[in-house]
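Read off the chains here:
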Amino acid sequence: MKEQFTTNAINLKSYSISEADKIILMYSKEKGLIKGIAKGIKKTNSKLGGRMDLLVANKMMLNKGRNIDTICQAEALNTFFNLRNDINKLFYAMYCCEIVTNFGTENDPNSEEIYSLFYTFLDSISSAETKEQVMLFVLRFQLKIMNITGYLPELSTCVKCLKSANEEFYFSIEHGGIICPHCSENIVKKIKVHNKIREFLNTLLREDFNTHTRYDDLATEKVCDICINLLKNYIEYYSPKRFKTTQILEGIR
């Protein structure tokens, strides 16, 4: 008798392997990244149907295989339907999906925390009413997943001399965070970061994902765009895999 297991998982990618079958890459609550064969998924009478679409959260039942598992059942928990009716939401969701794909691992020790964060993010942007709200959720996701995975940039003190941030610091992707004016003198690649931007990012990092902060009312699309781009470049630099969605993201901003 084949060993079975159940898990909650969000679909990240799919690959065709035959005329009828696909491999689905998922991020699961208990096991991190997992792959499963969805047999007959391309057939019109497939029992799995749309539940194997990308960015759908399911309660899965899989048969354990020697090299790869087989998907037996899938019960949709959330299709995040409104993502698919808004091009901005969809592409931002695809970008954050790729962050999970690139930084997630099999048997990830942080799987429950990352799954919960990703699910909350998708649910939040699905119901967001403005582009500013969507962008704020993207920023929260970027910061919090970098914190969970251990790649968070230093945003409070100079990474070289540990001096506390004041009105004007610089941000160095290569050095992993903010740098004071004195230490930055010989650093060519740096970006000037005002203290208000630093405080903005630290507030989003510190507060719970859906906590309403004063920045939810104050942050403009331009400010959010600057911050998303700053973190996007940082995340790309430290990613173990190359990003494919960032060029598409440039086109919608």
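As the structure is a prediction and not an experimental result, all values here were calculated from the model.

### Some points on the packing of aromatic side chains
Phase 1: Summed over all chains, the structure comprises 12 aromatic pairs.
Phase 2: Look at phenylalanine 80 and tyrosine 119: their rings are 5.3 Å apart centre to centre, the planes differ by 70°, and that puts the pair in the edge-to-face class. You can see phenylalanine 80 sitting in the loop between β5 (69-78) and α1 (87-103) and its partner tyrosine 119 sitting in helix α2 (residues 111-127), a full 39 residues away along the chain.
Phase 3: With relative accessibility at 24%, the residue tyrosine 119 sits in the partly exposed group.
Phase 4: Seen in terms of ring centroids, phenylalanine 171 and tyrosine 234 are 6.0 Å apart; in terms of plane orientation they differ by 65°. Their pairing is edge-to-face. Of this pair, phenylalanine 171 sits in strand β6 (residues 168-172) while tyrosine 234 is found in helix α6 (residues 221-238), placing the two residues 63 residues apart along the sequence. Comparing phenylalanine 171 with tyrosine 234 shows no difference in burial state: the two are buried.
Phase 5: Through pairs of rings, three or more aromatic residues link up here, namely Phe103, Tyr151, Phe171, Tyr234, Tyr237 and Tyr238.
Phase 6: Its guanidinium or amino end placed over the ring of phenylalanine 5, lysine 31 lies 4.9 Å from that ring's centre, counting from NZ or CZ.
Phase 7: Its guanidinium or amino end placed over the ring of tyrosine 170, lysine 190 lies 4.8 Å from that ring's centre, counting from NZ or CZ.

### Observations regarding unusual backbone geometry
Among all residues except glycine, the phi angle is most often negative; among peptide bonds, the trans geometry is most common.
Phase 1: Although it is not a glycine, phenylalanine 80 sits at a positive phi angle of roughly 50°.
Phase 2: Residue class for phenylalanine 80 comes out buried when judged on its relative accessible area of 1%.
Phase 3: With a phi close to 50°, asparagine 107 is a non-glycine residue in the positive phi region.
Phase 4: Relative to the helices and strands, asparagine 107 is located in the loop between α1 and α2.

### With respect to the confidence of the model for the protein chain
Phase 1: With 96% of its residues at a pLDDT of 70 or more, the protein chain shows a mean pLDDT of 92.
Phase 2: The least confident element of the protein chain is helix α7 (residues 246-252), whose mean pLDDT is 59; the most confident is α2, at 98.

### With respect to the sheet that holds strand β3 (residues 32-38)
Phase 1: Read around the closed barrel, the 5 strands follow the order β1-β2-β3-β5-β4; overall the barrel is mixed. Strand-to-strand twist across the sheet, computed as the mean angle between neighbouring axes with direction ignored, equals 50°.
Phase 2: Where β3 and β5 come together, 2 bridges link them in parallel fashion. Of the residues in β5, the one forming a bridge with isoleucine 37 is threonine 70.
Phase 3: Sheet contacts for α1: β1 (4-16), β2 (22-28) and β3; angle to β1, the most-contacted strand, approximately 115°.
Phase 4: Most of the contacts of α2 go to β1, to which it runs at about 60°, and overall it touches β1, β2, β3, β4 (57-63) and β5.

### Description of the sheet that holds β6
Backbone-to-backbone hydrogen bonds pair the strands of a sheet. The strands run either parallel or antiparallel.
Phase 1: Taken together, 3 strands build an open sheet; the order of strands is β7-β6-β8 and the sheet is antiparallel. In this open sheet, the two edge strands, each paired with only one partner strand, are β7 (177-179) and β8 (191-194). Between one strand axis and the next, the sheet turns through 45° on average, direction left out of account.
Phase 2: Taken together, the 3 bridges between β6 and β7 define a ladder with antiparallel strand orientation. Across the sheet, serine 172 pairs through a bridge with glycine 177, a residue of β7.
Phase 3: Seen against the sheet, helix α4 (residues 195-206) touches β7 and β8 and runs at an angle of roughly 75° to β8.

### Quick look at the side chain of asparagine 78
Phase 1: Here asparagine 78 shows up in strand β5.
Phase 2: Once you skip the residues sitting within four places of it in the chain, asparagine 78 turns out to touch Val56, Ala57, Tyr119 and Asp123.

### Some words on the nonpolar core
Phase 1: Membership of the largest hydrophobic core comes to 63 residues, with the highest contact counts inside it found for Ile99, Phe118, Phe121, Leu122, Leu139, Phe141 and Phe200.
Phase 2: Among the elements that line this core, the one with the most residues is helix α3 (residues 131-149), at 11 residues.
Phase 3: Dropping the residues within four chain positions of it, phenylalanine 118 is found in contact with Ile10, Leu12, Leu55, Cys96, Cys97, Val100 and Phe141.

Definitions and cut-offs
Residues numbered from 1 in each chain as written. Predicted model: local features only at pLDDT ≥ 70, side-chain atom pairs only at ≥ 80, totals over all residues. Heavy atoms only, no water. Phe/Tyr/Trp six-rings, centres within 6.5 Å; stacked < 30°, edge-to-face > 60°. Helix = DSSP H or I, 4+ residues; strand = E, 2+ residues; numbered from the N terminus. Buried < 20%, exposed > 50% of the residue type's maximum accessible area, 1.4 Å probe, protein only. Lys NZ or Arg CZ within 6 Å of the ring centre and 35° of its normal. pLDDT = per-residue confidence, 0-100. Pairing = 2+ DSSP bridges. Axes fitted to C-alpha atoms, helices over the stretch in contact; angles between N-to-C directions. Contact = heavy atoms within 4.5 Å. Core = buried A, V, L, I, M, F, W, Y, C linked by side-chain atoms within 4.5 Å.

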